[in-house]
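Here are the chains, one letter per residue:
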There are 2 protein chains.
Amino acid sequence: LPGAQAAGLGAPECYNPRAMQLLQEVADFIRQERLLEPSQLVILGVSGGADSLCLLDVLHRLGYPLVVAHFDHGLRPESGQEALRVQEMAAFRGLDFEVERGALTKESYLDGSLEAAARHARYRFLLRVATEKAAQRIATGHTADDQIETLLMNLLRGAGPDGLRGMKPLTPIGRWPEFGPGVQSDVQLARPLLGLGRNRTRDYCARHGLSPVSDASNQDRRFLRNRVRHDLLESLEYYNPEVRQALLRTSRIMGDVADLLETLVDQAWENCVRSAGAGALAFNAAVFTKAPLAIQRRMLRRAVAQLGVPTREAGFEAVERVRTAMLGEGPSQLNLPGRVAVERVGSEWLLARPDARVTFPDYPQLDAPTAVRVPDSGSVELAHGWRLRVGYQAMEDGAQDHVSDETTVVFDADQIPHPIIVRSSVSGEKLAPFGMHGRVKLSDVFIDHKVPRRLRARWPVVSSGDDILWVPGLRRGSLAPVGASTQRIVELRLVPPRAEG
Amino acid sequence: LPGAQAAGLGAPECYNPRAMQLLQEVADFIRQERLLEPSQLVILGVSGGADSLCLLDVLHRLGYPLVVAHFDHGLRPESGQEALRVQEMAAFRGLDFEVERGALTKESYLDGSLEAAARHARYRFLLRVATEKAAQRIATGHTADDQIETLLMNLLRGAGPDGLRGMKPLTPIGRWPEFGPGVQSDVQLARPLLGLGRNRTRDYCARHGLSPVSDASNQDRRFLRNRVRHDLLESLEYYNPEVRQALLRTSRIMGDVADLLETLVDQAWENCVRSAGAGALAFNAAVFTKAPLAIQRRMLRRAVAQLGVPTREAGFEAVERVRTAMLGEGPSQLNLPGRVAVERVGSEWLLARPDARVTFPDYPQLDAPTAVRVPDSGSVELAHGWRLRVGYQAMEDGAQDHVSDETTVVFDADQIPHPIIVRSSVSGEKLAPFGMHGRVKLSDVFIDHKVPRRLRARWPVVSSGDDILWVPGLRRGSLAPVGASTQRIVELRLVPPRAEG
C-alpha cells in the first residue's frame, strides 16, 4: 500500500522504535488510568490535526473498535475538504465515519462564551454518536500541552484545585451538568494522550506517513487558547525553561488533591445535605458549620451545580457570601446569582430555585393549599407522614388531666362548632388565643414561635367557620373550653411521622 | 510639627477618611487572622519602602509597642543613608531602632539560591532582635501584590497548594526548618498588610506625609521578583485585566485547602509515623498504603523537611519515586536526595539520614556493640525493653516439654560451655544449627529469616568462645542438647517489652 502512504493516510506497519515506544506509553496510560476496557467500542473525535490522527492510528493498532467522528465547525472554506480527508482516513482503515456540520459563525467563536458554546456543540455531537452506536466511551486527542494551556486559562480566571488540575484523563461526560438532565448517560470521555507532549504526536505522524490537516485558525490570536499556546507559554519559558514540566507537576498534584477533596465532600454531603424537593437543597446548619472551610466551599459549589446554576454565574465571591451567612455571620436570607434563594429555615439553610417545590419533612405542612374536613374519628393526613388525629370520648373523672399542650388539645365536644376543617391560613386572619382577652394576628403567632416564613403558607390551621380552633404545634384558640359541665370531649393531636398515637 | 511632616517623617494626626479606612481594614485583618494580641510588642521589619513605612505608621497609631528593625543589605551606596532615614522615622515616634548590615555582595544576590540566602539573613536578623527583646511577634509589610508575585514565582517552579497559597498571614518563623534546631522559638511572623494592594500603601504614605525611600534595585530586571512584578504581571493583565483579583482568589482557595490537608496529615502522621531515633522516621507500610494519594505525598514532604532536607533538593519526582516504592511498586531500598536512605524494614519503611542512630523497638537489638556476660539468673537487658531471661533448674519429669522454639531454648546446664556471652555478630561467623549436620553462615540465617539488613549488626547472639549457642528469635545451635542423662537445665528466653516472664 505505498500509494496510501504517499497519500498521507498512514503506513500499515511500523517498526520504528520511537513510534513503538509511543504506542506502549499510550497503552500503559490507558491501563493505569483505566480509560478503556480491552476491545471496547470507542467514538473517536478526530479533527484531522496531528493529535487526533496520532490517536486514531494508535487506538486502531491497539485493536480498539473505532467510530471516527468529525465535527466540521464550518468556519473556513477548506473545512469541507478536511472533513473528506478525515473520512478517507477512516475508510482506509475500514472504520465507520460520522460527521456533523456546526451552525456557528466565526465571529460567534471569538466571543469567549460562544467559544464555550462551540465546544459544547462538538461534545454534544460526540455524545449523540455514542448514544446511537451504544458506545460507552468517547476519546479525544488532548495532549499534555493542551493540559498546560487549560491550566493556564483557568488560572487566569482564578481557579482552585479543580481548575488547576486541568482536564481529567477520564470524565463522565454523560453526566456533565451543561448537557442537562435529558442527555444523562454513563458515557465517559477518555483522553489517552494526556501524558504526551504535542511534539510526540507530530513526530508520530511524520514517522507513520500521516499527513495532518493544518488548521490555520490554530494561529489566530483572537482565540484565547492560541494566545496562551503561542505567546504566554513562550514568555513563561523565559522565566523557567522547564515551565511546562513545572505546570504538569502542578496539574498532577492538584488532580490528586481535588480527588481527595471530592471524597471528603461526598462524606460531608451525606451528613449535612438533604434534597428538599425538586430544585431545592437543605443544609443542616450545625453540621455545615463544623466542616472545614475548604469543604464548606466545595459543598456549596456542588449545591450550586446541582441546582443548575452555571459555575461562572455563581462565582467565588457569591459562594463566599452565602457561606459566611450560613456560618451565622451574615443575613438569614439572601440570593445567589442564577436565581437561587438562600434562607435559614429552622435548623437548616435552604437553597432553592424559584420554581422549587420545597418540602419540609420536619414540620407539619399541608400537602396542598386545600381545606379538609376533620372526621369524627381517625386522622387527617398532612405532608411527609405528619397526621392530625381526632378522637371523641365521654368526660371521665380526671378530665382535668386533659391539659392542652402544643401537640395535643381538648375541646368540649358539645360546644365546638362544626364542621371542623383543616386548611391553610388566610392572609390577615386573627385568632382569639385560649386564656387571653382579645385577638391576635395569626402572623404574630408565627413570628412569636419563630416559624420560618417559608413554612407559614402551608402550616395547617384547624378552624370552624371564621374561627380558628387551633394552630397545631403553636396555639389553641379560646372556643369550647373543657369545663365542669363538659359531658364529652374531642381531642386533637398533632402526630409526627413514624410516631404512634 | 509641620517641620517633621515636611521632612517626610509622617503627620501626627489623620482625619482623612480614606486613610482611616485603611487603618480600620488593617485592624480588622489583624483581629480576624489573630495576628497580634492587643498591646503586644512587635519587631517590625522596615526597609523604608512605602509598604513598611505604612505598616510602621499604622501599627504605631493602633497602639502596638514597636521596635523598628532595619536590615541594610549594603548593596547600594545610598543604603547607609536609607538606614539613617528609617532610624529617623523610629526616633520621630520615640521607638527603639535596631540595624544590621549584611555581608553579601550584589552579585551573590542575583544567583537564585543566594537571593534566598539574603532573605534568610534578613529574617535571621529579625529573629535575633525578637529574641533579644523577648518579643513574640515579628511583622513585615508584605502586601497582596507581594502575595501575587510569590504565587506566580512558585507556579513557575511547579507548586502545590502550599506554594500557590503564597505567604501565610501568620507563620511560626521560629520553627522554620531553615533556621535549624538551634534557633527554635515560639516567635511568629505576622503580615498585617497581606490583604491590601500596594497602591493603597503608596496612597497612605502620600496622605500622611511619609516619604518612602526609593530603592532603585526594585527596578533591576535581574531579580526574578522584579521581572514577575513588572513584566509577567503586566502581560497576564493583557489576558485578563482582573488577573490580580483572580490570583488572590486562587491564593485564598489554596490556603484553605492547604490548611485542611495539613490537618489530615496531622491525623495520618499520628497513625502512621514514628520517630526511629534522631535523624530517622519509620512509616507503617500498611497504614501508609491506605492513605489518600495527596496525603501520602504530603506526609513524605513533611518527613523530608523533618529530616532537614531542603525542599528544593527533594523535589516532586524524588518524593514520587519514594512514594511509589513505599506502595510496593518499586525497589525496597533507595535514596532520596539530601542523603536520606529509604528502605523497607519489616512492616515499616525507614527514612534515615546517614548520621541517624536508628532504633527498632519491635525487634531484639543490642543497645551498643558490646559483649555482656549472662548471669546465672535474672536477665540481660537489650534495647527498648527487650530482655534475655536466664534460669537454671533441676531436670524434672516432663522435661521433654522443654522443646526449643524461636523465643525459648533449653540447654544441658552441665554441658554448656561457660562463660555465656551476649554480643553482636562477627562478620563471616558460622553456626552449627541444632538438628543439622555441618555449619551455616550466620548471614544466611539472617537471610532465611528475612531479618532486614539494618537489624543484623545489633542482633544479639548468645555464644561461648567461638561457638554460637543461640541466635535469639531465629536459630539454636547444636551444643549442649538436653538428653536422657541431663541433670540440670538452663533455659534462655527472649522476652519482648512489657511482657511478663
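A. Quick look at the sheet that holds strand S20 (residues 467–471) of chain A. All names here are of chain A. Strand order in the open sheet formed by five strands is S12-S16-S19-S20-S21, with antiparallel pairing between adjacent strands. Two strands bound the open sheet, and with one partner strand each, they are strand S12 (372–373) and strand S21 (475–476). In the sheet, strand S16 (residues 421–423) pairs with strand S19 (residues 461–464) via three bridges, with the strands oriented antiparallel. Bridge pairing links isoleucine 421 to serine 463 in S19.

B. Structural detail: unusual backbone geometry. Between histidine 418 of chain A and the following residue, proline 419 of chain A, the backbone shows a cis peptide bond with an omega angle of -5°. As for its position among the elements, proline 419 of chain A is in the loop between strand S15 (408–412) and S16. Positive phi values are uncommon outside glycine, yet arginine 339 of chain A reaches one of about 60°. The residue arginine 339 of chain A is located in the loop between strand S9 (333–336) and strand S10 (340–345) in this model. A residue is classified by how much of its surface remains accessible, and arginine 339 of chain A, at 63% relative accessible area, is exposed. Backbone geometry places lysine 450 of chain B, a non-glycine residue, at a positive phi of 55°. Topologically, lysine 450 of chain B is positioned in the loop between helix H15 (442–448) and helix H16 (453–456).

C. Broad picture of the side chain of threonine 250 of chain B. Note that threonine 250 of chain B resides in helix H11 (residues 243–272). With residues near it in sequence (within four places) discarded, threonine 250 of chain B still touches Leu155, Gly158, Ala159 and Leu164 of chain A together with Leu151 and Leu164 of chain B.

D. Structural view of the state of the cysteines. All names here are of chain A. If you walk through the whole model with that rule in mind, you get zero disulfides over all chains. Cysteine 205 supplies the cysteine sulfur nearest to cysteine 54, a cysteine that is in no disulfide, at a spacing of 5.6 Å. Residue classification places cysteine 54 among the buried residues on the basis of a relative accessible area of 0%. The exposure class assigned to cysteine 205 is buried, which follows from its relative accessible area of 2%.

E. Region of interest: the packing of aromatic side chains. Residue and element names in this part refer to chain A. In the structure shown here, the tally under the stated rule is 14 aromatic pairs over all chains. Plain terms: the ring middles of phenylalanine 283 and phenylalanine 288 are 5.6 Å apart, the flat faces sit at 90° to each other, and that makes the pair edge-to-face. The residues phenylalanine 283 and phenylalanine 288 share a single accessibility class, namely buried. Following the ring pairs from residue to residue traces out a cluster consisting of Trp269, Phe283 and Phe288. The ring centre of tryptophan 269 lies 5.4 Å from the NZ or CZ of arginine 302, which sits over that ring.

F. The pattern of salt bridges, seen in detail. Tallied over the entire structure, the rule returns 72 salt bridges over all chains. Arginine 301 of chain B is the salt-bridge partner of aspartate 162 of chain B, the closest N and O atoms lying 3.6 Å from each other. Placement of aspartate 162 of chain B in helix H8 (residues 161–165) and of arginine 301 of chain B in helix H13 (residues 293–306) is noted, with a sequence separation of 139 residues between them. Judged by relative accessible area, arginine 301 of chain B falls into the partly exposed class, the value being 39%. Salt bridges sharing partners connect three or more residues here, namely Asp51, Asp146, Glu149, Arg198, Arg225 and Arg229 of chain A.

G. The packing of helix H14 (residues 316–329) of chain A against H11 of chain B, seen in detail. Look at H14 of chain A against H11 of chain B: their axes get within 12 Å of each other, and the N-to-C directions meet at 45°. Judged by the inter-axis angle, H14 of chain A sits oblique to H11 of chain B. Touching Phe316, Glu317 and Glu320 of chain A of H14 of chain A are Arg249, Arg252 and Ile253 of chain B, all from H11 of chain B.

H. Structural view of the interface of chain A and chain B. Contact with chain A, which involves 39 residues of that partner, is made by 39 residues of chain B. In total, about 3,400 Å² of surface goes out of reach between chain A and chain B, with carbon and sulfur atoms giving 70% of it. Seen at the junction of chain A and chain B, the total is four salt bridges. Where arginine 252 of chain A meets glutamate 320 of chain B, a salt bridge forms, and the shortest distance between an N and an O atom there is 3.4 Å. In this structure, the connection of chain A to chain B is made through 14 residue pairs in polar contact (both at pLDDT 80 or more). Counting only elements with at least two residues in the side of chain A that touches chain B, the list comes to helix H7 (144–157), helix H8 (161–165), helix H10 (224–239), helix H11 (243–272), helix H13 (293–306) and H14 of chain A.

Procedures and definitions
- Residues numbered from 1 in each chain as written.
- Chains lettered and ligands numbered in written order.
- Predicted model: local features only at pLDDT ≥ 70, side-chain atom pairs only at ≥ 80, totals over all residues.
- Heavy atoms only, no water.
- Pairing = 2+ DSSP bridges.
- Helix = DSSP H or I, 4+ residues; strand = E, 2+ residues; numbered from the N terminus.
- Buried < 20%, exposed > 50% of the residue type's maximum accessible area, 1.4 Å probe, protein only.
- Contact = heavy atoms within 4.5 Å.
- Disulfide = S-S within 2.5 Å.
- Phe/Tyr/Trp six-rings, centres within 6.5 Å; stacked < 30°, edge-to-face > 60°.
- Lys NZ or Arg CZ within 6 Å of the ring centre and 35° of its normal.
- Salt bridge = Lys/Arg side-chain N within 4 Å of Asp/Glu carboxyl O.
- Axes fitted to C-alpha atoms, helices over the stretch in contact; angles between N-to-C directions.
- Parallel < 35°, antiparallel > 145°, perpendicular 65-115°, else oblique.
- Buried area = accessible area lost by both parts, 1.4 Å probe.
- Polar contact = N/O pair within 3.5 Å; in protein donor to acceptor, adjacent residues only side chain to side chain.

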